[in-house]
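If you want the building blocks of each chain, they are given just below.
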Amino acid sequence: MRIFFFSVLTFWHISHAATAEPLRVLTDIAPVQSLVAMVMGNVGIPGVLLDGNADPHHVQLRPSQVRAIARADLVFWVGEPLTPWLADPLKSIVRPGAANAMLKVPGTTLLYFDKAQVDPHAWLDPENARLWVDAIATSLASADPVHSDTYRTNANRAKIILSDLTVRAHKSLNGVQGGNLITAHDSLGYFANRFNLTIMATLADGEAAAPGPAHISALRKLIANNDIACVVSDYGQPDDRIRTLTDGFSVQSIPLDTSGALLPAGPTLYPDMIRAMADAMSGCVASPR
Ligand SMILES: [Zn+2]
């Protein structure tokens, strides 16, 4: 039995190398797809499980998505705290070692909602993204050594783009630091932490559970006291809760696209998303109340 299993694996490796079949790479969300696409360059296009409008916290996998996981040679995902529903399919379907959780990349800046619960929205810190492209290149190179030089070169280029991005976002948010925000769900911690913005309160918690009336009236008090510079909602989510919150006040409210829903998929999505977030945030916080 063991011999048979070994020979099947060997056959798979030989056939894979001989036909130079492209590596099948799968990602969870569009921003991660974008980072992997930067590293893969012309070698191939990574797939993505969730389109930009899907709420990654709550997903029922379709059969086509289960098949995509089963066919993947490599998976890059944020990790179980963002998409708990993906942990089991990855354990049972993907080849051992093929699933790469970005939250587990050594050196990643991690924020916590409380002692036990990591904030999963770590892609919204471009310094994390810069770290991740190295880890992505290493995994790609070990699965596909033929292209390892290309992956390394592309990762180095991506790191320059991501460094410039951080500098530019700092510049565009310069002068609005210290502006207090209310956010629709607890997703902007990393962005605020990197760019020195203050999140006074969130409408829903980190898993995007619905807020109660007492919580809403407490937030309205904050706005009434003029302590809030901007209310940020999630792009694509219903904004009636935001309207309940801001009704009667002149506080600015903007939707922020934190998952690249508005942008074409691929290597430009991630930098464009961070740039758009910084510009929109800066406009909202700076506007007169
Ligand atoms: Zn979220």
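**What about the overall build of the protein chain?**
- Per the secondary structure count, the protein chain includes ten helices and eight strands.
- Every one of the 289 residues in the protein chain was classed for burial, and the buried ones make up 39%.
- In the protein chain, the proportion of contacts linking residues at least 24 apart, taken out of those at least 6 apart, comes to 61%.

**Thoughts on the pairing of strand β6 (residues 198–204)**
- With five bridges connecting them, strand β5 (residues 180–185) and β6 associate as parallel partners. Considered in β6, the bridge of I182 is made with A201.
- At this point the chain moves from β5, through helix α7 (residues 189–195), to the parallel β6, and the crossover so formed is right-handed.

**A word on the nonpolar core**
- Core analysis: the biggest nonpolar cluster contains 76 residues, and V32, L35, V36, V39, W77, V133 and I136 have the highest contact counts within it.
- Setting aside its immediate chain neighbours within four residues, V32 contacts T27, F76, W77, V78, M102 and W123.

**Quick notes on the packing of helix α3 (residues 63–71) against helix α4 (residues 84–93)**
- It is at 9 Å that the axes of α3 and α4 come closest, and there the two elements cross at 45°. In terms of axis orientation, α3 runs oblique to α4. In this structure, the crossing between α3 and α4 has a hand that is right-handed. In this structure, α3 contributes V66, I69 and A70 to the contact, and α4 contributes P89, L90 and I93.

**Considering the pairing of strand β7 (residues 230–234)**
- Burial within β7 is extensive, with five of its five residues counted as buried.
- Neither face of β7 is open: one carries C230, V232 and D234, the other V231 and S233, and all of them are buried.
- Of the pairings in the sheet, the one linking β5 to β7 comprises three bridges and is parallel in character. Looking across to β7, one finds that L181 is bridged to C230.
- Relative to strand β8 (residues 252–256), β7 is paired through five bridges, and the arrangement is parallel. Along β8, the bridge assignment pairs D234 with L256.

**A look at the sheet that holds β6**
- Pairing within the open sheet is parallel, and its four strands lie in the order β6-β5-β7-β8. Bordering the open sheet on either side are β6 and β8, each of which pairs with just one other strand. The average angle at which neighbouring strand axes cross in this sheet is 25°, direction not considered.
- Running over the sheet, helix α8 (residues 213–224) touches β5 and β6 and is turned about 145° from β6.
- This element, helix α10 (residues 269–286), spans β7 and β8 of the sheet and lies at about 170° to β8.

**A look at helix α2 (residues 30–40)**
- Among the eleven residues that make up α2, eleven are buried, leaving the element largely enclosed by the rest of the structure.
- Residues A30, P31, V32, Q33, S34, L35, V36, A37, M38, V39 and M40 constitute the buried set of α2.
- Lining the buried residues of α2 we find β1 (25–27), β2 (47–48), β3 (74–77), α5 (126–143), α6 (148–173) and α10.
- A positive phi of about 55° marks G41, the residue just after α2.

**Let's talk about the sheet that holds strand β4 (residues 99–101)**
- Pairing in this open sheet of four strands is parallel, and the strands run β2-β1-β3-β4 from one edge to the other. Sheet topology places β2 and β4 at the edges, where each strand pairs with a single neighbour.
- Alignment of β3 against β4, held across three bridges, turns out to be parallel. Counterpart to F76 in the pairing with β4 is N100.
- Strand contacts of α2: β1, β2 and β3, with the helix running at about 150° to β1, the strand carrying the most contacts.

**Describing the environment of S250**
- Looking at where S250 falls in the secondary structure, it is placed in the loop between α9 (240–246) and β8.
- When the 10 C-beta atoms within 10 Å are taken as the criterion, S250 is described as exposed.
- Each C-alpha atom, one on S250 and one on I223, is 9.2 Å from the other, the two residues being 27 residues apart in sequence.

**Examining unusual backbone geometry**
- In the Ramachandran plot, N196 falls in the positive-phi region, its phi being about 55° despite a non-glycine side chain.
- Relative to the helices and strands, N196 is located in the loop between α7 and β6.
- Here N196 falls in the partly exposed class, since 13 other C-beta atoms lie within 10 Å of it.

**Let's talk about the confidence of the model for the protein chain**
- Of the residues in the protein chain, 90% reach a pLDDT of 70 or more, and the chain-wide mean stands at 87.
- With pLDDT under 50 throughout, residues 1–19 is counted as low confidence; its partners more than four residues away or in other chains account for one contact.

**With respect to the environment of P22**
- One can find P22 in the loop between α1 (2–19) and β1.
- Each C-alpha atom, one on P22 and one on I45, is 9.3 Å from the other, the two residues being 23 residues apart in sequence.

Reading the values: the criteria
Residues numbered from 1 in each chain as written. Predicted model: local features only at pLDDT ≥ 70, side-chain atom pairs only at ≥ 80, totals over all residues. Helix = DSSP H or I, 4+ residues; strand = E, 2+ residues; numbered from the N terminus. Buried ≥ 20, exposed ≤ 12 C-beta atoms within 10 Å, placed from the backbone. Contact = placed C-beta atoms within 7 Å. Pairing = 2+ DSSP bridges. Right-handed = clockwise from strand over helix to strand, strands pointing away. Core = buried A, V, L, I, M, F, W, Y, C linked by C-beta atoms within 7 Å. Axes fitted to C-alpha atoms, helices over the stretch in contact; angles between N-to-C directions. Parallel < 35°, antiparallel > 145°, perpendicular 65-115°, else oblique. Left-handed = near helix turned anticlockwise from the far one by under 90°. pLDDT = per-residue confidence, 0-100.

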